[in-house]
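# Survey of secondary and tertiary structure
Residues per chain, in single letters:
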Amino acid sequence: MAASRLWVAAFLVLLPLCCGRGPSIERQKLEVHKHLKRLNKPPLKSIKSPDGDTIDCVHISHQTAFDHPFLKNHSIQMRPNYHPEGQFGERKMSNGGSSGGITQLWHLNGKCPEGTIPIRRTKKEDLLRASSLKRYGKKKRRAFARLATSSDPDLINQSGHQHAIAYVQGERYYGAKATMNVWEPKIQQPNEFSLSQIWVLGGSFASDLNSIEAGWQVSPDLYGDNNTRLFTYWTSDAYQATGCYNLLCSGFIQINNKIALGASISPVSSFRGSQYDISILVWKDPKEGNWWMQFGNDYVLGYWPAFLFSYLGESASMIEWGGEVVNSGSDGQHTTTQMGSGHFPEEGFAKASYFRNIQVVDGSNKLRAPKDLGTFTEQPNCYDVQMGKSDDWGSYFYYGGPGRNPNCP
């Protein structure tokens, strides 16, 4: 029923275009079918996830990345040449946080065999929610913290994006790492999202920004539900034409058969209850120059080939950690979309969301604490950030908030 309503909506949108001024409804259906075929490669096995997703186990050499003309004869790098040295011991936990219990819901119903990778199947409804097929799986150009000489980043607010972040700049960076607790923030409008992630950035923020991003997000527009999901993103031109989420375009090459990008994370943290966190590491292989991603202690997921980027071909010039939401302001008021747990940082552990053991990778391929960490938020009465240091958590911060409240109308 929902699918038929979506087709009716698409027909009404396209009705004025049917008489010589644009594609007919039949052509639109054909384009959707072709796009689905391009994204959903023939699986060796399919697994139905309890959350309604279908996870396809696709042969590693048939993934979307290899549709890229520069990757036609690419030899898959099955492991990084080097790992960064000096990682925090992930199993040394304090304050009741846990990373051992995190899994993905589809694991309950099966696993992908060796030689395949798990890919979340794209549905027709996913495509029809997008503003256009061309924009499916892509971020709108975001408001971002631009490299600046002032003590705070220079905000460019283009699309109602708001942040509560910690950041470093002014050196050459070859990767970043952090552990963040996972929540299920409430989203007010379907076209809004809430995410928590690491940004690895290089270039000029106006038109040729290079960005590698990884973390967790809730995005009804992209996934069709309010589940918390693991995601990646990349762009080499400031979110204009290049890049995408997860495996929704040619770019990221996945090598791992246990973790699906875009799939639901379970369990999530609860207010005044159990806390569940994930660790993400992104680093540049000093030998090949590819940018690798690791999830948790055990899962090297894959890599972004070096040729995708210009500035990041050498190194990153800025790292950000933290939260981002879309504030559409549709009713003239601030959104009630939550960032993180939906609670302000001063509430502390088991109430607010956190990033802990924040580190950067230096030119010697060593993980170290960042120097001169700054913080930034557009409207601290809506979403805020507070930093700290401790023996167990190293450099850390709490962040987030409820959005609209008496002090954030």
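Above this text sits the structure in question.
Below is a short write-up of the structure.

## Here's the deal with the overall build of the protein
Summing up its helical and strand segments, the protein has four helices and 24 strands in all. Counting across all 409 residues of the protein, residues that qualify as buried make up 56%. If you sum the accessible surface of the protein, you get close to 16900 Å²; carbon and sulfur atoms cover 51% of it.

## Observations regarding the pairing of strand 2 (residues 54-59)
A regular strand places its side chains so that they alternate between the two faces of the sheet. Among the six residues in strand 2, five count as buried, and that is most of the element. Pairing of strand 1 (residues 45-48) with strand 2 involves four bridges; the strand directions are antiparallel. Counterpart to isoleucine 47 in the pairing with strand 2 is isoleucine 55. Joining the antiparallel neighbours strand 1 and strand 2 is a turn of five residues, in which glycine 52 adopts a positive phi near 100°. One ladder, built from five bridges, connects strand 2 with strand 5 (residues 116-120); its direction is antiparallel. When the bridges of strand 5 are listed, isoleucine 55 appears paired with arginine 120.

## A few points about the sheet that holds strand 12 (residues 229-235)
Spatial ordering of the open sheet is given by 13-12-11-10-19-8-22, a layout of seven strands whose pairing is antiparallel. Only two strands of the sheet have a single partner each, and these edge strands are strand 13 (244-245) and strand 22 (374-377). Taken together, the 10 bridges between strand 8 (residues 161-173) and strand 19 (residues 316-326) define a ladder with antiparallel strand orientation. Across the sheet, residue histidine 161 finds its bridge partner in strand 19, namely valine 326.

## Topic: the state of the cysteines
Scanning the model with the defined rule gives three disulfides in all. Cysteine 57 shares a disulfide with cysteine 112; S-S distance 2.1 Å. Linking cysteine 57 and cysteine 112, the disulfide has an S-S dihedral of approximately -80° and is accordingly described as left-handed. Here the residue cysteine 57 occupies a position in strand 2, and cysteine 112 occupies one in the loop between strand 4 (103-104) and strand 5, the gap between them amounting to 55 residues. Take cysteine 112: its relative accessible area is 4%, and that puts it in the buried class. Shown here is the disulfide that connects cysteine 244 with cysteine 249, its sulfur atoms set 2.1 Å apart. On the sign convention where negative is left-handed, the bridge of cysteine 244 and cysteine 249, at about -80° about the S-S bond, is left-handed. On the basis of relative accessibility, which here comes to 1%, the residue cysteine 244 falls in the buried class. By sequence order of its bonded cysteines, the protein has the disulfide arrangement 1-2, 3-4, 5-6.

About the criteria used
Residues numbered from 1 in each chain as written. Predicted model: local features only at pLDDT ≥ 70, side-chain atom pairs only at ≥ 80, totals over all residues. Heavy atoms only, no water. Helix = DSSP H or I, 4+ residues; strand = E, 2+ residues; numbered from the N terminus. Buried < 20%, exposed > 50% of the residue type's maximum accessible area, 1.4 Å probe, protein only. Areas by Shrake-Rupley, 256 points an atom, 1.4 Å probe, with all protein chains shown as cover. Pairing = 2+ DSSP bridges. Disulfide = S-S within 2.5 Å.

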